Structures are given as C-alpha cells and as structure tokens.
There are 4 protein chains.
Amino acid sequence: MKVGLIGSGFMGKTHSFGFATASRVFDLPVEFEMELLADINMEQAETARKALGFRRATDNWRDIIEDPTIDVVDITAPNALHKKMALAAIAAGKHVYCEKPLAPLAIDALELADAAEEAGVKTQVGFNYLMNPMFRLARDMIQSGQLGYIYSYRGVHAEDYMANPESPWTFRHDPAGGGALADLGSHALATAEFLLGKITRVMGDCKTVIPERQDSIGAARSVEVDDVAHAFVEFETGTTGSIEANWVASGRTMQHEFEVYGSRGSLHFSQERFNELHYYRVDDDSNRRGFRRIEAGPDHPPYGEFCVAPGHQIGFNDLKAIEIKGFADAIAGREPEPFNFRAGHRIQSLVEAIQKSSRENAWIET
Amino acid sequence: MKVGLIGSGFMGKTHSFGFATASRVFDLPVEFEMELLADINMEQAETARKALGFRRATDNWRDIIEDPTIDVVDITAPNALHKKMALAAIAAGKHVYCEKPLAPLAIDALELADAAEEAGVKTQVGFNYLMNPMFRLARDMIQSGQLGYIYSYRGVHAEDYMANPESPWTFRHDPAGGGALADLGSHALATAEFLLGKITRVMGDCKTVIPERQDSIGAARSVEVDDVAHAFVEFETGTTGSIEANWVASGRTMQHEFEVYGSRGSLHFSQERFNELHYYRVDDDSNRRGFRRIEAGPDHPPYGEFCVAPGHQIGFNDLKAIEIKGFADAIAGREPEPFNFRAGHRIQSLVEAIQKSSRENAWIET
Amino acid sequence: MKVGLIGSGFMGKTHSFGFATASRVFDLPVEFEMELLADINMEQAETARKALGFRRATDNWRDIIEDPTIDVVDITAPNALHKKMALAAIAAGKHVYCEKPLAPLAIDALELADAAEEAGVKTQVGFNYLMNPMFRLARDMIQSGQLGYIYSYRGVHAEDYMANPESPWTFRHDPAGGGALADLGSHALATAEFLLGKITRVMGDCKTVIPERQDSIGAARSVEVDDVAHAFVEFETGTTGSIEANWVASGRTMQHEFEVYGSRGSLHFSQERFNELHYYRVDDDSNRRGFRRIEAGPDHPPYGEFCVAPGHQIGFNDLKAIEIKGFADAIAGREPEPFNFRAGHRIQSLVEAIQKSSRENAWIET
Amino acid sequence: MKVGLIGSGFMGKTHSFGFATASRVFDLPVEFEMELLADINMEQAETARKALGFRRATDNWRDIIEDPTIDVVDITAPNALHKKMALAAIAAGKHVYCEKPLAPLAIDALELADAAEEAGVKTQVGFNYLMNPMFRLARDMIQSGQLGYIYSYRGVHAEDYMANPESPWTFRHDPAGGGALADLGSHALATAEFLLGKITRVMGDCKTVIPERQDSIGAARSVEVDDVAHAFVEFETGTTGSIEANWVASGRTMQHEFEVYGSRGSLHFSQERFNELHYYRVDDDSNRRGFRRIEAGPDHPPYGEFCVAPGHQIGFNDLKAIEIKGFADAIAGREPEPFNFRAGHRIQSLVEAIQKSSRENAWIET
C-alpha cells in the first residue's frame, strides 16, 4: 500500500515515525510504502522526503490525489485544508488518514463521513491517546462490569501553550473551529465516550480569558474562542460527569486525565504518566486496599509488541504506531475502523453542542 | 473562658482535642477551660467528660446555656439541632463555636448570623481545611499577584462513605440540608472563596446515583439528595472554574483538591497530602522549571508552633487547633473572626444556589 | 501519675503535646498529671510551665528527682545530660521516659538499661516513627508471612539540616555520640529491626563531607563525625539490606524510607507521606497488579482513636501520643514496654558497630 | 552504511526499531541500511528479516562478517557469543555495535576494547538509560556546578524478573558473567560514572537469596550468583555513595533510580517515570522551594527531535534511537563514541571489583 503524505510539520513527522515503527513492531496485514510527500514548496518537500524516508516529493498535494498508485492519503496539512483534501482523496477512491480535527465545523465533518461511507473507503482520524494500552485496559474493566455501576466521571485536558498573553493570534483562535474545547476538549470527549459510551446531553461554559492577541504582523485581534471550557456531560447509562478543556493552564503540558468511580472499583489516569493506570478494587481487604499503580507491560496489549519486558514504557510516537496498526487492520477488513470519519464527526458535534450550550445557557441533547 | 461542649461524637472529640492542643501549642490570648459537657444521657456524658477532660457533665444541653459561668458554647450535636442551640447560646450572650453546617437551610443560617451580630457575640463555624498553613500560603501567593491573573480554578471534594448502596439512609440523605454538595461541596466552595474571593454566579448539575436506601429499621426510602454534584462557578474577578462534590467516589477518602492556574504561576493541592503545596513558577528557567513540591515547615505559619522542623507534618486534629486559635484571637478582639456565622451562611447560600440552578437549568447569581 | 519534665525545647514541647493528646485520645490505664517542669532558669521554666500546662516550675532538675510525689521523669534535656538525669531518676525509683539518644555512648546506655531493670522501673526511649499505625501494619504483614520470605531491605533516613556549610558546629558534631548515623541512622536502624528482627552483622562507610565548621564564637573546628553514612546489614533471618543516614541531603526534610521485598509481596514507605503504605501483592491478577497506596484509617489501629474517618491523617505530634499510650500500658503492666532502655542501648550499639566497621573496614557482629 | 544484525530477540528487535526511528527522527550523518540479518536457523531469520525490514537473511552469522559490503555489525546474540562475534567483526574492519554486556568477563571485554582501538573501528555498547535527555540535563547541572559540591549519591537498579523461585535457571545464573549486579548493577554503575565521574574504590556485599533453581530439563542447579548486591562507592571527587542491584524486587519493573545531593541543589530520578527529573534548588525562596518535577521537552535535547511539544514523552525504544544517533556521529567522526568498548570494559571491571570485594570483605581500588 503506497502512502501519500500531505504536510510534514509536527503531525506529519509523527505520522511518518508511526508508519516506520508500526511496520517493524507489528505484523501488519498490509505493507505500507512511503511513496510521495507533498509540502508547500519543493525545498521543504524534498527536505522532508529525505528525512522521513519517502521515495518522491511534490509541492502540489493534488499530485498525490491524482497518482493512481497511491492507496492511502495521509493528511496532516493545516486544519482548514483537511476537508478539501479529504474529499478529493475520497473521490479518488483512496483510503484516508486525517489528523484531527477532521474539519473546523461538524457540518463539514459530516459531509466527509458521508462521502467516505458512500465511497466505501476506509478512514481514520488521528486521536492518539485512545490507542494507549492502558485505555484499552480501562475500557475492558468498565465494560466487563469489574468496576460495577459507574457513579461518576471526571475528564480534563489541560496544557499551557496559550497561557502567555504575548503568544500570537493563530488559526487556532479563529471562531471557525478554534478554541481550547475544539483543540483539547475534543480529546477529553473522545476519551469519555471511548470509556463510558455515548454522551446524551451536555451543558457548557466557555470562557475567553485573554481577549486580545496580536497577529503575525503585530495587529491587535480580538479573540472570541474559549481559552477555558467546562462542561457537564450525561451518558446514555445515566452516569454524569464533567469535562474541562484548558490551554492556559500554566505548567501543564499534558494533563489529559480521567477519573472513573464505580460501585465495585475506580480508576484514575493521567497522560502525564501514561504508562500507568491507577485502579482501586472495593473488594480488596479493607485494611490492605488502595489505588494500585498498574504499570504497562506485555499483559496489556499491544505493549508487548514494543517491548517484551514490563515497565519499560512506550512513548507518544508509539501511540501513533498503534493507531496505524488499527487502520491497517481496518483496510485489510480484519477489524472495524478504530476511529473513522463518523467518529471524528461525532466528537466535533459534541464540541459544537457544548459551545452552543454555553451561548444559550441550556442543556443540549447530542 | 469556660467552654461548654454539646455533643461528644466524631466532631465533639475533634473539638476537644483541638482545645487541648491549641492551649499548649499556641500562646492563646484567652485561656479556655473545659467546664461542662452535655450529651444525650448521663452515662455517655460522664464517659465523655472523663475521656475528654471536662470538669462537669450533664444530660441537658440547656444547662450549658443557663450556666452564667460558661463563656463559650461549642456545638457538635446533630445538624438538625444546631439552630436551636446556637440561638439559645446567642440569646444568653455567649460566644458560639458551631460545627458545620451552621443549619440545614441557608435561611436559618442567616437568622443565626443576624442574631449573633446583633448580640455582639463572636462566632465560629468549623471549616477545618481552610486553616491549613498551605492554604494561607496559597492565598498569599494569589493575593500578592505572584501567580499573575488567575485564568481558571478547579475544585473537588470527593470521598466514598456513601459509595456502598447497602449503607443505610441517614439524616444526611434528608432533602433539608442533605446531599454530597451540602456535606462536601460546602468545603470545596469555602476553599474556592477563601482563595479567589467572591463567587458571583453558579450553574449546577446535581445527581442522585443510588436512588433508594434502607433506613435503620430496614424500610426502603427514596433518596432525593445529590450523590454527585458538579458546578460551574464564576468569581467576581471574572475567573471561571468548576466544583465537584462526590460522596460515592470509591477509593477516595479525602480528595479535597484545588488547582489554580495563573498567568505567572499555578498551584495544585490535595488534602490527601495536605502538608504539601505544588507550585509552578512561569519565570523559572525554561529547562529547569516544573511544579515544586513545597513541604510545610516553620516558614509557613503557624506550622512552626507545632514543630520547629520542616517536613514533620501536622495532622487533621491540628487543623482544628488552628481554628480554635483564630477563634481565641477573635474573642480577644485581636483579629477578625476567621469564619463566622455570616461566612457559614454564605457557604450554605452557595450550596442552595447550585441546587436551585440544577433544578432550574439556569445560572443563578449569588 | 505525676510527671516531671526536664527540658522544654523542641522535644520538651512535643512530649507535653503528646501527653495532652494521649490523655484525651486514648483511654489510658493511668492518668498523667503535668506536675513539675524544670528548665535552666526560672524565667524559661515559668514560661514553659504556663505554655505547656504544668502546675509547678523549677530551675533545678533535681527537684523533680527528689520530689516523692513525682512518678514519671521525662527527660528532654541536651543529650549529654541524659545519663546523669536518668540514673538519678532510676535511683529514686521513678519511671523514666527519655528522648533519644539514651546516652552519647552505648556503654552508658547499657549502664542505664541495667540500672532500670535492676530497679524495676519502666522505661521508654523516644523513637516516634515506630509508633506509626502503618509501621504496625507493615510488621504484621511481614510477621504473618503475607510477604513471603523477605529477599531484601533498604532503609534511609535523610534530612538537610546540616547541608549548609555555614551552619555552625554544635554538640551534634561532637565525636562522642554525634554524627548523622547517630542522629538519623539510629531511626533507620530501629525501623529495620522493628520490621525484620535482629541485625546480626554490619559493614559501614562513614564519611565527613564538610570537614570544618565554625563554632558559636566563630572559631574553626574540625568535624570528625559522619555527615553521610552507608551500611550493609544482615538480619538473623539471612536477609541482607542497606541503611543510609544523611543530614546533608539538600531538599530532604523527612526522608525516612524503607523498602521491603519479599517472595509474595513488597512494601515501600516514606515518612514524607507517613499516612500511606505502598503494598504490592504478587498474587493479584497479573494485568491488574501494582503497588497499592494504602491510606491510614480506622482499620489501622490506633488511627481510629484520633479520627473515625479514614484518610484524614495524623500528624507528627500524634505519633508521640501513641508512644505515650504504649508507655502508659507498660507502666500499668498491660503490655511490654514498647521501646525501653534495653532497646535504646541496642540501637546505639548498632550505631557504634557501624562506626567501628567503617574505621576498621571489616564486618562487625552485633 | 550497511548494517548486519546478529540476533533478533528482545534486543535485536529493539535495535532494529532504533535504527528505523533514528533514521527518521534525526538528520544522521550516515545512512544506515538494514542489509543482512542472521539468526540460528533460516526460518527464524527469514521471519525476522521480514518483520524488521532487512534485505537479506542468513542462518550463519559469519556471512555478515565475511560480507565486504557490510559496514556495521550489530550484535544482539546471547552474551556468551558476544566476544567471538565482536572479535571477528573487528578483524574484518567493521564498526561494531554490541548489546551489553560486552563479554561475560572483564578480561574479555578488555581484549575487545584493545582490538577495536588497534583496528581503528568505532564501537558502541548498548546502555540505553544513559541516552535519556534527562540524564544529559542532570549531568549538565552537576558539571556546571549548579548543584554545588556533591555530598552524596544513591543509585539503584531493581526489577523482579527473578523474584519467582520457580523461574528456571538460565545463563544469567552462570557464575561467569551472571547475577543481578552484572545484569542490572552494570546500569546503576554506568549511570553513577556518567553523572559523577570515575569511581575510585568499591566495597561490595553480594547475596544469593534463591540458592537453587531448576534448569530447563527440571534438574536442580545450585545458584552461586548474587540476587541482591549492595555496594559502597567512592568517586574521584571524594563523594561517597551506594549502589544496589536487585532482580528479586517483587513489584519493581524498572526501578533504575538515582539521587544526587549537593550543596546548592539536589536531583532525584526514577526510570519508572523517565521523562521526569526532580530538581531542588537551595537558593529558591525558603517558603517557596521544593523539588521541581521537570518534564522532558524540547528544551532538553534531543527530545525535540521526537516531538515539538513538551510533556508528550519518549519511550524506551526511543532511547535506543538516541544511542544510534550517537554511534552515527562517532562513525562520521563528529563526536566521540558515546559508550565504546573501552567504556563497556570499564563497567565490567567495576562489577568484578564489587564481586571480589564481597568475597574478600575489603575495599577494592578500581
């Protein structure tokens, strides 16, 4: 399977590291070849091609779409371009792997999901954190009933890359698709539904705390998107919980956290130490019980593919390799798509529901 | 100053430990003498009298009120009786120390606050956590501007003493004053206002997760109070945040936590390790910075009164001694009351605002 | 039982807080009355008397010895005076509670232990950390075989109060009884034997890292005692382990730690968070196991005497109250002495064995 | 540069993941091509070839040595074969990358180091942990004087893969090169010298705790190597410290830890959370200081090559890629070899010095 990659920035690199790792770590049902890389000019494209191990480079992403030998289009270009590129790729009958967010607006994400399903191509949206072996363990514990009835849920994704008021206005501040909720809260929402199932209604409180930033040419621009967003969520099961998205949390670089409290057990997790899951078992002897710090190991698939010894720890880029493994299985028809365009649309519709709820001060069904 | 104590259960003991410790640890401006202890029958009262070091015992709490030699009435009786006792004590011109909640309903707490102020007696509501030296440090950092502008706040108080569906219906499940929000959320709210000042509006989501419990005679009783409550809060400063109260959080015994994120620094704290405060300073060198685990020591008053060496740690009962020190200073006219009946009313009105907001699905000004 | 306290500094205060707390928290078999306090002059003695709640004060510690109404002599005077005072108290037939170290040299401690046993008085050496409910839990787990055969032991006591080279020469730097090993290592050794039983041989490595300090009048004095000491230890059971004592560990205020590894389970503990014990159970399911953070609660006696709710935490001074409870039980003949002069001598002989081993570069039987 | 890999087990895989990652993450000065893979039979070799992305496979490792197109021989075969293979590779003029230990005995490692230097080939011994960006940060802090004079050092490497007495006798139990000290202590020693420089003398205490194990055919075999080893170490600077190696530490999977205490600051680190370094700065304000949890980020090279955002975390396999980057730089003549055969010999001679010291109960100069 020949891959065409559009974009070679942060996520372009991460994806290509992921392909390289996945192909060695896993026994993939399809073989990916790094064929063609597109970037905005030939110099950048050629540099990236060499660094990332692609055969050919181009400064025109449409070359990838039009190349009949390309099987998979991997989109890590700026968010605003995702839709156009993905639609073109789908139209060309290619499988599409698109970094999150699928599109700035849910309605566009919906169009993409529909198009992909109609075309019968396989799709994948990048949502790394979900691929953590400890997430799979957590979900197994919940779904098997080991935690009993789930009483409550708490989810957070906080970082600090927008905490400095001097940091400039960027496309992430654009009301169309921008804000902490869209950028980080989307992860918190994806994790919540991954673990506990469908969220049926939300109430939001979105707040801009730095109301003005300078753009790249020094002009003051007003910021309308949220820097901090809180939400109440209710799941189909009746369980209630909260979500926080925050990109001005000084000192936090990766506070993607969840806490799940159930009648027979509880879990807490932080992406700051993502090779650990903390588990409390109600039925342990009363004077011997406490949260167990479970360290990731070969007993937590697919950790063992990376390392045969427990406690050695996988890294962020390895999460991407697991994502690619899942996509490969889907392309081969072995497994359902782990997080396809339909799922990507779902998350964006939740984001928009929370934003709308905040504007209207009312619960919104989702 | 002669003290009369009403009640000798969990909090009665804690208070009397607190008086004993405070009188030795601090150079108190008034001397407290443990004079008279009242409990529901003479046997219990006499046992407690001996154990807790009081001179006399009675099975009639009104003996305390009517005894002209008693200066301070300390109320740790069941919540439902607080109002009647406190009003009687105020009417008798005595200073009153009342365990939280001041009264099941805010309106009653208001009546108490008004009465006390009119009578000119000093009052204190038990809110231990606030007395932690690390809370004082946190507030100093915030108020001095060391954390810059505060972007966001997160507060939680979660325990698990109601997590077992088999645990019986109690007065804490009574709609008048009961629920996790009233019992635990009150602490989270007090901490929030202690640190960041007045909360001006709230939005709540209160949830009953165990809808039925058996009462003491085995009859099924429906539960109408919240087991889990979430709230959005907005402070006078414009900062927004969230509060969670939860008494079904299996595995949690003392998760009273806050996180404060500011433009120049951040804090996080957990009562699970309450002799520590974690502080991030934005201006530390970029490759050397991280959350500092500050351990309580003599540099954090009044820790040094308990122990001259840092890191040795004070205990829960010591927090009560600090509370009593503050009350003594107030009685002596040296300092304002640390947390008087007016403050107690304030917290209960916040609790009721959140409950009302949850019923009405609307923001409530506070 | 009337108590006479000699000394009112750090430990004098801690002891009197301990007596006050113990008498309220526990149902003591004997009643302690704070009768007479001695300090080096009447002003200090009188101030302390008032602050600490004693009836009478004196500037002559022999008044306590000679007072026939005094039953218990509590010695918290400077270490160099412990022996003289304790011998006098024993000779007067009084029970003796002496802060550690019992005497600067083991030979003196031995004399004290012999004298006390001959006189038939009860004795207690202050070794707070041992009284922690979590230590009792740890020992129960080990002795009951729950951890299986113990493979290895690691013990540390590190603080930083001598880390500053500018801090002056004190009596703690006197070769007779001084040094980090004597001051802190004694705690690590006591904990090791408390948990695993008799140490049968040791090998030491004692190091002075700040070879000169100024004394109180500014004169340079050479330091000959250890600032950092390492030891290998072997227990009667055959288990081997290590001990570190360190009073120049910048940033450490209370790193009294142990790790115990056994065939069926393991423990680790730090006095920095002394209301927690971490326990790993080999037989937990392989993909669910991890160190459990057990929080102290009423299931871990005597925590419940201090607080009926788990997770609220006892403080350093409370450990002293537990020590006094044990002493009271011993005086009443209910229980063996928790840590008598014989035990105090044992620890000092271990300290000296390690020092000697370090000088001679040879294992020493103990 | 064509690479020939001998062995495709745990470390063979890790190495080949490392090459794949290094070539994409870094701008390597030489290009590595995965040319030829040797394993014990063609089936295994061919399977591994395909999985790991090599061009050709063989069941005879000498094919790699004799192939004139191979530039780099990478040895991950069983330890007992390292010497023979490495000598052959050196004799053929190839650069050699050899997994640790270089050879079971120091004398063999010395022969290898001499041969390599004489032949002028570049060599590298696999010692992953050293390549951690946080180790580099720690060393920079120490060498720049930021921690002041170093008072003491504590190093541990404890795991539990030999904790089960039922686990069979393996080559790691062979007195020639086996034992916890050789297998794990070697890492602790390498870290100690990486951070603080040359160790000049050692004192050891090696202990077998499971004296008999069954071999693969069920016969009882006596175990003579250490399961737990403790050592005192003294550095050229005069600093003293301790080392523990332990492969029966139930519950520990990766307790590679160090603590460094200095006059101006201190560090502590655990490989259990290897993207963090804890740093205490003496000169921070006295009531604001504490150990800082520094999270790895782009400010800590070469983290930024893996990920442009801090806190995302690199994994164990990424450490191997950094090792390969260093080797590539050495081959290109840009940098000294990061950890060559001479360094590998050094560690093994330290291991043997500790073993000898333990047998002779005497300090050994190193």
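Residues numbered from 1 in each chain as written. Chains lettered and ligands numbered in written order. Predicted model: local features only at pLDDT ≥ 70, side-chain atom pairs only at ≥ 80, totals over all residues. Heavy atoms only, no water.

A. Seen up close, the interface of chain D and chain A. With 39 residues of chain D at the interface, the matching set in chain A holds 39 residues. The junction of chain D with chain A conceals about 3200 Å² of combined surface from both sides, 48% of it contributed by carbon and sulfur atoms. Residue D:Glu272 pairs with A:Arg293 through a salt bridge whose shortest N-O separation is 2.7 Å. The interface formed by chain D and chain A includes 16 residue pairs in polar contact (both at pLDDT 80 or more). (Contact = heavy atoms within 4.5 Å. Buried area = accessible area lost by both parts, 1.4 Å probe. Salt bridge = Lys/Arg side-chain N within 4 Å of Asp/Glu carboxyl O. Polar contact = N/O pair within 3.5 Å; in protein donor to acceptor, adjacent residues only side chain to side chain.)

B. Structural detail: the domain arrangement of chain A. Residue and element names in this part refer to chain A. Assigned domains within chain A: domain 1 (2–129) and domain 2 (133–273 + 275–314). Distance from the C-alpha centre of domain 1 to the C-alpha centre of domain 2: 26 Å. At the junction of the two partners, domain 1 supplies nine residues and domain 2 supplies 18 residues. Across the domain 1 to domain 2 interface the summed buried area is about 1100 Å²; carbon plus sulfur atoms make up 68%. For the interface between domain 1 and domain 2, the tally reads one salt bridge. Put simply, Lys100 and Asp183 hold a salt bridge, and the shortest N to O gap is 3.8 Å. In this assembly, domain 1 and domain 2 are joined by two residue pairs in polar contact (both at pLDDT 80 or more). Taken together, the residues that form the side of domain 1 that touches domain 2 break down as six nonpolar, two polar and one charged. (Domains from an automatic or database assignment. Nonpolar A, V, L, I, M, F, W, Y, C, P; charged D, E, K, R; others polar.)

C. Just the environment of B:Glu166, in detail. All names here are of chain B. Inspection of the secondary structure puts Glu166 in the loop between strand 7 (150–158) and helix 7 (180–196). The class of Glu166 is exposed, set by a relative accessible area of 67%. C-alpha of Glu166 to C-alpha of Gly185: the two residues are 19 residues apart in sequence and 23 Å apart in space. (Helix = DSSP H or I, 4+ residues; strand = E, 2+ residues; numbered from the N terminus. Buried < 20%, exposed > 50% of the residue type's maximum accessible area, 1.4 Å probe, protein only.)

D. Just the relation of the copies chain D and chain A, in detail. At an RMSD of 0.0 Å, chain D and chain A line up after a rotation of 180 degrees and a shift of 0.0 Å along the axis. The two molecules are tied by a two-fold rotation axis, judged by turn and shift. Measuring from the rotation axis to each C-alpha of chain D, the shortest distance belongs to D:Gly315, at 1.8 Å. Take the interface residues of chain D: 100% of them recur as interface residues in chain A, which is what a same-surface contact looks like. (Least-squares fit on C-alpha atoms with pLDDT ≥ 70 in both.)

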